[in-house]
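# Commentary on secondary and tertiary structure
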Amino acid sequence: MSAVSIRPGPKDLAAPPVQACGPDGGDRAARAWAALQAVPDPEIPVVSIQDLGILREVTMAGDGTLEVVITPTYSGCPAMAEIAEDIGRALDAAGLAPWRIRTTLAPAWTTDWITAEGRAKLRQYGIAPPGRCGEGEGGARTAGAKRMQFVPHAARAAAALDLVACPRCGSLHTEQLARFASTACKALYRCRDCREPFDYFKPY
Ligand SMILES: [Zn+2]
């Protein structure tokens, strides 16, 4: 079964899609990828599902149906149904039907998949972007199974020890006020210099 595939490159998740070969399939997948750039995350609308790394892949299946692959940020994240609806609306609006959406849980989503652009948008919005939970920049994209063993410990260590920069003034004089903020994905922090409270998107 041959299929063309548009997906982020291994090194730069924000890389523009490469147009794959094929009579029409590559072009349709590329157009779908572009159309989905505008789909916002329901919980943090300043970032898109591409910025967060939720949108994994757009594939042209052998039967002529576009297959959109998404990975939920947290298992049971209630926003996924809304995201799927938004994806369908965007593809229909762009005239790209038929399509189907496939959810994949492995490898598990990690905050390391948030793109540089996504991190910048979070900061502008007043949310401190997550620290890396992989083994440094190079280890951030290790195999999912290996990372899944590593992350819980790293996440605990990050919460206990890591310094979180204030998204407004950049100060590292910050303190955690609560382990959970507006959503379970975030912790509530306060800057000791500018006194502003802010959400920290926890590494996961
Ligand atoms: Zn500050």
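To be clear, the structure that these remarks concern was listed above.
Residues numbered from 1 in each chain as written. Predicted model: local features only at pLDDT ≥ 70, side-chain atom pairs only at ≥ 80, totals over all residues.

## Looking at the nonpolar core
To keep things clear, this is the line we draw: Note on terminology: a nonpolar core is a set of buried residues of type Ala, Val, Leu, Ile, Met, Phe, Trp, Tyr or Cys, with members joined through C-beta atoms within 7 Å. Using C-beta atoms placed from the backbone, we call a residue buried if 20 or more other C-beta atoms fall within 10 Å of its own, exposed if 12 or fewer do, and partly exposed for counts in between. Where helices and strands are cited, they refer to DSSP runs of H or I of at least four residues and of E of at least two residues respectively, numbered from the N terminus. By definition, residue pairs are in contact when their C-beta atoms, positioned from the backbone, come within 7 Å.
One finds Ala32, Leu36, Ile49, Leu66, Ala128 and Phe198 to be the most contacted residues of the largest nonpolar core, which totals 32 residues. Those elements that provide at least two residues to this core are α1 (25-36), β2 (55-60), β3 (66-70), α2 (79-93), β5 (127-128), β7 (186-191) and β8 (197-201). Ranked by the residues each element gives to this core, the list is headed by α1, at four residues. When sequence neighbours within four positions are dropped, the list of residues in contact with alanine 128 reads Val164, Ala165, Pro167, Tyr189, Phe198, Tyr200 and Phe201.

## Let's talk about unusual backbone geometry
Among all residues except glycine, the phi angle is most often negative; among peptide bonds, the trans geometry is most common. Residues alanine 97 and proline 98 are joined by a peptide bond in cis, for which omega reads 0°. Here alanine 106 and proline 107 are connected by a cis peptide whose omega angle stands at 0°. Tracing the backbone through its elements, the reader meets proline 107 in the loop between β4 (99-103) and α3 (116-125). We note that arginine 195 has phi near 70°; this positive angle belongs to a residue other than glycine. Inspection of the secondary structure puts arginine 195 in the loop between β7 and β8. A residue is classified by how many C-beta atoms lie within 10 Å of it, and arginine 195, with 10 of them, is exposed.

## Re the environment of valine 69
Checked against the element boundaries, valine 69 lands in strand β3. With 15 residues separating them in the primary sequence, valine 69 and isoleucine 54 have C-alpha atoms 8.6 Å apart. The contact partners of valine 69, leaving out residues within four places of it in the chain, are Arg56, Glu57, Thr59, Arg102 and Thr104.

## Section: the environment of proline 40
Following the sequence through the fold, proline 40 ends up in the loop between α1 and β2. In this structure the C-alpha to C-alpha distance between proline 40 and aspartate 51, which are 11 residues apart in sequence, comes to 8.9 Å. If we skip the residues at most four places from it in the chain, proline 40 touches Pro45 and Ser48.

## Points about the environment of histidine 173
Relative to the assigned elements, histidine 173 resides in the loop between α5 (144-161) and β6 (174-178). Residue class for histidine 173 comes out partly exposed when judged on the 13 C-beta atoms lying within 10 Å of it. Placed 22 residues apart in sequence, histidine 173 and arginine 195 show a C-alpha to C-alpha distance of 9.9 Å. Leaving out residues up to four positions away in the same chain, histidine 173 has contacts with Cys191, Arg192 and Asp193.

## Some remarks on the sheet that holds β7
Sheets are built from strands that pair by backbone hydrogen bonding, the pairs being arranged parallel or antiparallel. For the record, the criterion: At least two bridges found by DSSP between two strands are what make those strands a pair.
Ordered in space as β5-β8-β7-β6, the four strands form an open sheet in which the pairing is mixed. Of all the strands in the sheet, the pair left with one neighbour each is β5 and β6. Where β6 and β7 come together, four bridges link them in antiparallel fashion. Each bridged residue has a counterpart across the sheet, and for alanine 178 the counterpart in β7 is leucine 188.

## Some details on the pairing of β3
Residues Leu66, Val68 and Ile70 line the buried face of β3, whereas the alternating positions Glu67 and Val69 sit on a face that is not buried. With five bridges joining them, β2 and β3 adopt antiparallel strand pairing. Bridge pairing in β3 links leucine 55 to isoleucine 70. Counted between consecutive antiparallel strands, the loop separating β2 from β3 contains five residues, among which glycine 64 sits at a positive phi close to 85°.

## A look at α2
Test applied: The span one expects for a helix is its residue count, reduced by one, times 1.5 Å. Regarding the arc, it is the one traced by the directions from the helix axis to the C-beta atoms.
With 15 residues, α2 should cover 21 Å at 1.5 Å per step; its first-to-last C-alpha distance of 21 Å lies within 8% of that length. Among the residues making up α2, those that are buried are Ile83, Ile87 and Leu91. In an axial view of α2, the angular spread of the buried residues amounts to 70°, which keeps them on one side of the axis. For α2, the exposed residues set more than 90 degrees away from the buried face come down to Ala81, Arg89 and Ala93. Immediately beyond the C-terminal end of α2, within one or two residues, lies glycine 95, with a positive phi of roughly 70°.

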